[in-house]
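Chains, contacts and geometry: an overview
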Amino acid sequence: MSTLTLREIPNFPPPWAFASLGGGQERRGRNRMREAFVHLKLACTRIAAEVPGLLGLELQRQVRQACEPIELWMLRGALLQALPPECECAEVYKADIELAMAKAFPRQHA
């Protein structure tokens, strides 16, 4: 029995399969967006780790499952509000998440 791989099929992959790769500038832009997302996710992960109990576990799960910056943006209020009052780093976390949000959602200048 012979197995045929996709590369052995004529005209595979189709020419349009690589259209989304774009040029160098587009790739650098995607890399910057990815780095901003990772920075934002790490900031949210650090905050969620400070929240005790079941709420903390649920917030950690939601942060881990986030695949888009907008999902983390929607969680930011719940994360900051859930921090315990005795958390000494609350202001640092708030500044860190604001900086990460600014990188993930840059303002467009006209």
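Below you will find a few notes about this structure. (Residues numbered from 1 in each chain as written. Predicted model: local features only at pLDDT ≥ 70, side-chain atom pairs only at ≥ 80, totals over all residues. Heavy atoms only, no water.)

So, the overall build of the protein
What the protein contains, in helices and strands, is 4 helices and 0 strands. In the protein, the order of α-helices and β-strands from amino to carboxyl end is α-α-α-α. Scored against the burial criterion, the 110 residues of the protein give a buried share of 26%. Approximately 8600 Å² of the protein is accessible, and the part contributed by carbon and sulfur atoms is 59%. (Helix = DSSP H or I, 4+ residues; strand = E, 2+ residues; numbered from the N terminus. Buried < 20%, exposed > 50% of the residue type's maximum accessible area, 1.4 Å probe, protein only. Areas by Shrake-Rupley, 256 points an atom, 1.4 Å probe, with all protein chains shown as cover.)

Quick notes on the layout of surface pockets
Gaps between atoms show up when a probe of the same size as a water molecule is rolled over them. Looking at the largest pocket, its volume works out to about 220 Å³. The wall of the largest pocket is formed by 13 residues, among which R32, M33, R34, A36 and F37 lie closest to the centre. Residues that form the lining of the largest pocket fall into these classes: 7 nonpolar, 1 polar and 5 charged. (1 Å grid on protein atoms, 1.4 Å probe; cavity = no way out; pocket = protein on both sides within 12 Å on 5 of 7 lines; lining within 4 Å. Points joined across faces, edges and corners; volume = space filled by probe spheres on them. Nonpolar A, V, L, I, M, F, W, Y, C, P; charged D, E, K, R; others polar.)

What about the nonpolar core?
Across soluble globular proteins, you tend to see nonpolar side chains buried next to one another. One finds L40, C44, L59, V63, L72 and L79 to be the most contacted residues of the largest nonpolar core, which totals 22 residues. Elements with a minimum of two residues in this core: α1 (24-50), α2 (53-65), α3 (69-82) and α4 (90-104). When near neighbours in sequence (up to four residues on either side) are disregarded, L72 contacts F37, L40, K41, C44, V63, A66 and M101. (Core = buried A, V, L, I, M, F, W, Y, C linked by side-chain atoms within 4.5 Å. Contact = heavy atoms within 4.5 Å.)

Overview of the environment of L75
Tracing the sequence through the fold places L75 in helix α3. Take L75: its relative accessible area is 11%, and that puts it in the buried class. C-alpha separation for the pair L75 and Q62, spaced 13 residues apart in sequence, amounts to 8.2 Å. Non-local contacts of L75, meaning those with residues more than four positions away in its chain, are made with L59, Q62 and V63.

Remarks on α2
Given a rise of 1.5 Å per residue, 13 residues ought to cover 18 Å, and the 19 Å separating the end C-alpha atoms of α2 matches this to within 8%. Burial in α2 covers these residues: G56, L59 and V63. End-on, the buried residues of α2 take up no more than an arc of 65°, which puts them together on one face. In α2, the exposed positions that point more than 90 degrees away from the buried face belong to L54, L57 and R64. (Expected span 1.5 Å × (residues − 1). Arc of directions from axis to C-beta.)

Describing the packing of α2 against α3
Contact pair α2 / α3: the axes reach a minimum separation of 11 Å and the direction vectors enclose 160°. The angle between the axes of α2 and α3 places the two elements in the roughly antiparallel class. Two packed elements cross with a definite hand, and for α2 against α3 that hand is left-handed. Counting all contacts with α2, which are made through L55, L59, Q62 and V63, the residues of α3 involved are L72, L75, A78, L79 and A82. Of the residues in the contact of α2 with α3, the class split is 8 nonpolar, 1 polar and no charged. (Axes fitted to C-alpha atoms, helices over the stretch in contact; angles between N-to-C directions. Parallel < 35°, antiparallel > 145°, perpendicular 65-115°, else oblique. Left-handed = near helix turned anticlockwise from the far one by under 90°.)

Description of the pattern of salt bridges
Applying the stated criterion across every chain yields a total of 2 salt bridges. One salt bridge connects R61 with E58, and the closest N-O pair in it is separated by 2.4 Å. You can see R61 and its partner E58 sitting in helix α2, 3 residues apart, about one turn around the helix. We classify R61 as partly exposed; its relative accessible area is 32%. (Salt bridge = Lys/Arg side-chain N within 4 Å of Asp/Glu carboxyl O.)

Structural measurements only, silent on function.
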